[in-house]
Amino acid sequence: QVQLVESGGGLVQPGGSLRLSCAASGLTFSVYDMSWYRQSPGKQRELVATITRGGSTNYADSVKGRFTISRDNAKSAVYLQMNSLKPEDTAVYYCNANNGNPHWGQGTQVTVSS
C-alpha cells in the first residue's frame, strides 16, 4: 500500500511563509521523482515544483525565487518551503511520487488572505 500524507497547510497573510511536508510510505522513496502540484477552484491542477531522485529541481515560473522543494530520503519525505506568499497561491497542494507509476496524496489546503 502506497501512502502519501501532506501536512503543513493553513491560513497565512500575503507575504507570509509556510512549509508543506509530505510523508511517504509503501514505496522505495529514493528512486522516485517527487513533485508538488496545486489546484484552485475553477482551475486545472498544475505542477508547482519537482525534485528528482538525483536531487535536480524544477519550478513553475509563477513560484521561482519564492518556493523551494527539498527531500529527505532517510525520512521518506519531501518538503515545499513557500515564502512571499500571494493570494494567487491559494490552492489545495498535492504531493506526487512518480517513477513511471504516479501516486497522489490527499492534499492540504493553503489559503493566502488578509
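Each remark here, short or long, concerns the structure printed above.
Computed from a prediction, not measured in an experiment: that's the story for all the values here.

K.L.:
So what about the environment of Leu85? Which residues, and what values?
P.N.:
Tracing the chain through its elements places Leu85 in the loop between β8 (77-82) and β9 (91-98). Accessibility expressed as a relative area gives 2% for Leu85, which makes it buried. Considered as a pair, Leu85 and Arg45 are 40 residues apart in the sequence and their alpha carbons are 19 Å apart. Once residues lying within four places of it in the same chain are set aside, the contact partners of Leu85 are Val12, Pro14, Gly15, Gly16, Ser17, Leu18, Arg66, Phe67 and Val112.

K.L.:
Hey, could you go over the nonpolar core for me, with residue numbers and the actual values?
P.N.:
Grouped together as the largest cluster of nonpolar side chains are 28 residues, with contacts concentrated most on Trp36, Val78, Leu80, Met82 and Tyr93. Elements supplying a minimum of two residues to this core: β3 (18-25), β4 (33-39), β5 (46-51), β7 (67-72), β8, β9 and β11 (108-112). Contacts of Leu80, omitting those with residues within four sequence positions, involve Leu18, Arg19, Leu20, Trp36, Val48, Ala49, Phe67, Thr68, Ile69 and Tyr93.

K.L.:
Lay out the state of the cysteines with the relevant residues and their values.
P.N.:
Enumeration according to the criterion identifies one disulfide in this entry. Here Cys22 pairs with Cys95 through a disulfide, and the sulfurs are 2.1 Å apart. The disulfide joining Cys22 to Cys95 has a torsion of about -85 degrees about its S-S bond and is therefore left-handed. Of this pair, Cys22 sits in strand β3 while Cys95 is found in strand β9, placing the two residues 73 residues apart along the sequence.

K.L.:
So what about the pattern of salt bridges? Which residues, and what values?
P.N.:
Following the criterion strictly, the structure yields five salt bridges and no others. Of the charged contacts in the structure, one is a salt bridge between Asp61 and Lys64, with a shortest N-O distance of 3.1 Å. Classification of Asp61 as exposed rests on a relative accessible area of 63%. Residues participating in the shared-partner salt-bridge network are Arg38, Lys43, Glu46, Arg66 and Asp89.

Rules used throughout
- Per chain, residue numbering runs from 1 following the sequence as it is written.
- With pLDDT at 70 or above as the cut-off, local features in this predicted model cover only qualifying residues; side-chain atom pairs require 80 or more to be listed or tallied, and sums for whole chains, interfaces and linings still use all residues.
- To get the side-chain values, take all heavy atoms of the structure and skip hydrogens and water.
- Secondary structure follows DSSP: runs of H or I at least 4 residues long count as helices, runs of E at least 2 residues long count as strands, and numbering of each begins at the N terminus.
- Only protein chains enter the accessibility calculation, which uses a 1.4 Å probe. A residue is then buried if its area is under 20% of the maximum for its type, exposed if over 50%, and partly exposed in between.
- Residues are treated as being in contact if the distance between any of their heavy atoms lies within 4.5 Å.
- To qualify as a nonpolar core, a set must consist of buried Ala, Val, Leu, Ile, Met, Phe, Trp, Tyr and Cys residues joined through side-chain atoms within 4.5 Å.
- Cysteine sulfur atoms are paired as a disulfide whenever they fall within 2.5 Å.
- By definition here, a salt bridge exists when the distance from a side-chain nitrogen of Lys or Arg to a carboxyl oxygen of Asp or Glu is within 4 Å.

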